[in-house]
Amino acid sequence: MKLSPRLILIPLLAAGIWLFHQSRQDRPSRIQVADENQVLLIGNGTEIESLDPHMVTGQPEHRIISAVFEGLVGPDAVDPDADAPGVAETWESSDMQNWTFHLRKDAVWSDGTPLTAQDFLYAWQRILSPELASQYAEMLYLLKGAAAFNKGQTKDFSTVAATAPDDHTLQLTLEGPAPYFPGMLKHYTWFPVPRHAIEKFGTMTQRDTAWARPGSLVSNGAFTLKDWRINHYLSVVKNPRYWDAARVKLQEIQFFPIDNGEAEERIFLDHQLHVTDTVPLAKIPLYRAAKPAFFTQTPELSVEFYRCNVTRPPLDQAKVRQALSLALDRVALVDQVIRSGHQPATGYTPPGAHPQYPPLKKLGFDPERARRLLAEAGFPGGKGFRKIEILTNSSDSARTVAEFFQESWKKELGIEVGILQQDWQVYLASQHSLNYDIARAGWVGDYTDPLTFLDILRTGNGNNDTGWGKAEYDQRLDASTSVVDIPQRMKILQEAENLLLDELPIIPVYWKKDAILIRPEVQGWRASVLGHRCYKAISLGPYQPLAEMP
Amino acid sequence: MIRFILSRLIQGIIVIVAVLSITFLIIRLGPGSPFASGREMPEYVRENLDRIYGLDKPIIVQLWRNLVSFATFDLPVSFRLKGWGVGEIIAQGLPVSFTVGGAAFLIAILLGIPAGALAALRAGKFRDRATMAAATLGVCVPSLVLGPVISLIFGLKLHWFNAAGWGSSGDWVLPSVTLGLISAAAVARLTRGGLCEALAADHIRTARAKGVDEKMIVARHAFKLACLPLINYLGPLAAGLLSGSFVTETVFQLPGLGRHFVSSALHKDFTLAMCLAGLFAALIVIFNLLVDILQAWLNPRIRLSEK
């Protein structure tokens, strides 16, 4: 009998595939190797723009910069939104306006240079210098004289009320009393930067120098920069010179810039990440139903709202805007359309902004009243109401929400609504130039105080983008900055928010929740409404397999 | 021949300058600013930024400055990735895209040409129909669908390779297979078409009538002729694969050039976008030149000097 070549080839091929399959099964996963070496692998969203604290504005940057730098105040290990000592050991203020910070004497930069009060003054002068054109310098405007210096009204930095009586003391005077001030210092705009390292590569206010790159970055945080490959990973290693190095358990953190939720989920399930940045929106309802141990959702200090362009009729009438708001069933939107566990907004400032500032309960679904208000505004049954357009960025989820609005307003009010999607930069430009009717937007708090939300709707604020302004509202906000008594201050801010919700230049929709996937080995990871992380409290336990999805 | 190459290179330079200018003008004249972020900045900060980067100058002056910096290889910095020169960014992404794209190109040729040839030799029979059905499917399935499916099966289920990511030795395999399979389908269809036509040509009939061995006919005579349309296609294909694919790089999270193409345009990072578009144009010019030379060598009827 003659053997056909096929009869030999096919079994050989099958055996080859089987052998290959077996050989690939024993590869240790990235997680197993990382667990053994105390290396934390984190998904970090979009690629960061820079590690220079004065050149960036985003959340992904915040998460890396707060690992390599440290401000006067740091996040607390148990509640990262609470304040713990950072470079400052202690601080005090008798009137919440004049603050004194006592810096620790053992603080050094990662190259061994002592870290002094002068480094902070240098950093604040740098970020406030008009020549640097930092996009986030406004965060320091609370400091007396900072705004005038930043706007170029004076060239003399000594007009800014920050002084260093000695190398380990800083005295600051604010524009008004601000009990939330220490919490604000956890933001990277207030961090120190190393003069000696920056000026090796250029002048103080020179942009685009290489000082914040691997090999040259000198920092003062619990970790130092080891490597950064664009769109690939950024790795930071434990800083042995950090004052609290004994408490730091992780040897290394690797941040992966993963800008696609589906890919990130696959990488997590493939045992390559300890913590993800997001969960794909479409998958959140599934995870919420299955409740695997590695899925968690926590509130963030963030509100999703829709801007109304009040310079364009008919949106210039408060009654029209109220009608639009009352015709929205936010509960149905959140529970049946988005299904991501967000909280339907009943006010503007989200819960968690301040312990003594409960969210207002003013917004709701009342189609009857909505129709009545629209009729009072001169559009009974939507008659004579021109077609308006909702502007969103070009994401599917934004479109889904806009379609819900479109249908609600057609059904309840009888008005025609179109949807316009634009690419991100164009969408931002359209809003800023008031070239829209209604636009999707959101705001994330910078510090735990209602002012971080209410402030953007002041008359003419750069982030207002609605054309709306009301002297009474601005006066309330001004008044709140000179009151020390907390209950009284909260009352004034509440009055302001009530004014805002009567006029509704923005229509709040929901308060966001953050969803992540996190492996069981990760210990000491605490939720924070502001996205603060206390990396020195995090450690990795022994490897555990992921629970199966039911 | 040398005159032909020289004239094509000069044409190529004109093409690259045109591509750089058009890229610049489309991005700069469109709405949006490279500095816009979710947080608005005060007007005086924006004015300072425009002054620092010369964006307050007339658009023609800006264009000229950028062209000069590219022409003198004094590459500008990226607007989004602050402190990085666009040359450094491309130098990081290029090896990744070349590895994945080069492997995909080989897969496309090594799989596509034999499949197309086998189909042509059995034209009309079952094997032809089956191969062409698979190829049609391959042309139709987008990498957005094929990529995640391949990643799920060979990454998450069988654990042959990492489901996504870059850094381990086998990480190029799945993205290359995704890109390669899709391109192989087009290559197979072109090979089959070219070979079918060639086998029906007069000189092949003559050769057959003279009793030349059938294997010899296909390998020596028909295949050369059949290659011409295929080679025309392979030039742009190589340029496209080597410069990276946005979808495949997103699905497999590769640090290649493809993601920069899209994000630089979206973020109005026009220096990076110009550099990428110029690179892509250069690759197209080079590969088209190679294609022309290869064709002249394969088919003496094409005389380069006459083109």
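Since we're looking at a predicted model, the values are computed, not measured.

Describing the overall build of chain B
Scanning chain B from terminus to terminus reveals 12 helices and 0 strands. In chain B, the order of α-helices and β-strands from amino to carboxyl end is α-α-α-α-α-α-α-α-α-α-α-α. The C-alpha extent of chain B, read off along each of the three principal axes, is 85 × 55 × 30 Å. Within the span of chain B, comprising 307 residues, buried residues form 50% of the whole.

A look at the pairing of strand β4 (residues 88–92) of chain A
Residue and element names in this part refer to chain A. Pairing of β4 with strand β5 (residues 98–103) involves 4 bridges; the strand directions are antiparallel. The partner of A88 across the bridge, within β5, is L103. The turn linking β4 back onto β5 is made up of 5 residues, and M96 within it adopts a positive phi angle of 65°.

Quick notes on the sheet that holds strand β16 (residues 506–517) of chain A
All names here are of chain A. Strands sit in the order β12-β16-β11-β15-β13-β14 across an open sheet of 6 strands; the sheet is mixed. The sheet is open, and its two borders are formed by β12 (343–344) and β14 (417–422), each paired with just one other strand. Here strand β13 (residues 388–393) pairs with β14 via 6 bridges, running parallel. Pairing of I388 across the sheet is with V417, part of β14. Lying on the sheet, helix α11 (residues 330–338) is in contact with β12 and β16; it crosses β16 at an angle near 30°. On the sheet, helix α14 (residues 424–432) packs against β11 (295–308), β13, β14 and β15 (438–444) and is oriented at approximately 135° with respect to β13.

What about unusual backbone geometry?
A cis amide bond links P313(A) to the next residue, P314(A), at an omega of 0°. Here P314(A) is to be found in the loop between β11 and α10 (318–326). Non-glycine residue A133(A) carries a positive phi angle of around 55°. Within the fold, A133(A) resides in the loop between α4 (117–128) and α5 (146–150). Residue classification places A133(A) among the buried positions, given a relative accessible area of 2%. Although it is not a glycine, H159(B) sits at a positive phi angle of roughly 60°. Take H159(B): it is sitting in the loop between α6 (143–157) and α7 (173–199).

Description of the packing of α6(B) against α7(B)
Helix-helix packing is described using two parameters, namely the angle between the two axes and the distance between the axes. All names here are of chain B. The interhelical angle for the contact between α6 and α7, taken along N-to-C directions, is 135°, at an axis separation of 10 Å. The angle between the axes of α6 and α7 places the two elements in the oblique class. Helix-helix and strand crossings are classified by hand; for α6 and α7 the assignment is right-handed. Within the contact between the two elements, α6 uses S143, L146, G147, I150, S151, F154 and G155 and α7 uses L174, V177, T178, L181 and I182. Its residues placed into classes, the contact of α6 with α7 shows 7 nonpolar, 5 polar and no charged.

Let's talk about the packing of aromatic side chains
Evaluated as defined, the whole model comprises 33 aromatic pairs over all chains. Pairing Y242(A) with W243(A) gives two aromatic rings, centres 5.5 Å apart and planes at 50°, and the pair type is tilted. Judged by relative accessible area, which is 24%, W243(A) ranks as partly exposed. Lying over the aromatic face of W243(A), R104(A) brings its terminal NZ or CZ to 3.4 Å of the ring centre. A cation sits over an aromatic face here: R213(A) above W84(B), 3.9 Å from the ring centre.

Each value, and the rule that gives it
Residues numbered from 1 in each chain as written. Chains lettered and ligands numbered in written order. Predicted model: local features only at pLDDT ≥ 70, side-chain atom pairs only at ≥ 80, totals over all residues. Heavy atoms only, no water. Helix = DSSP H or I, 4+ residues; strand = E, 2+ residues; numbered from the N terminus. Buried < 20%, exposed > 50% of the residue type's maximum accessible area, 1.4 Å probe, protein only. Pairing = 2+ DSSP bridges. Contact = heavy atoms within 4.5 Å. Axes fitted to C-alpha atoms, helices over the stretch in contact; angles between N-to-C directions. Parallel < 35°, antiparallel > 145°, perpendicular 65-115°, else oblique. Left-handed = near helix turned anticlockwise from the far one by under 90°. Nonpolar A, V, L, I, M, F, W, Y, C, P; charged D, E, K, R; others polar. Phe/Tyr/Trp six-rings, centres within 6.5 Å; stacked < 30°, edge-to-face > 60°. Lys NZ or Arg CZ within 6 Å of the ring centre and 35° of its normal.

Read these as layout, nothing more, since geometry by itself doesn't imply function.
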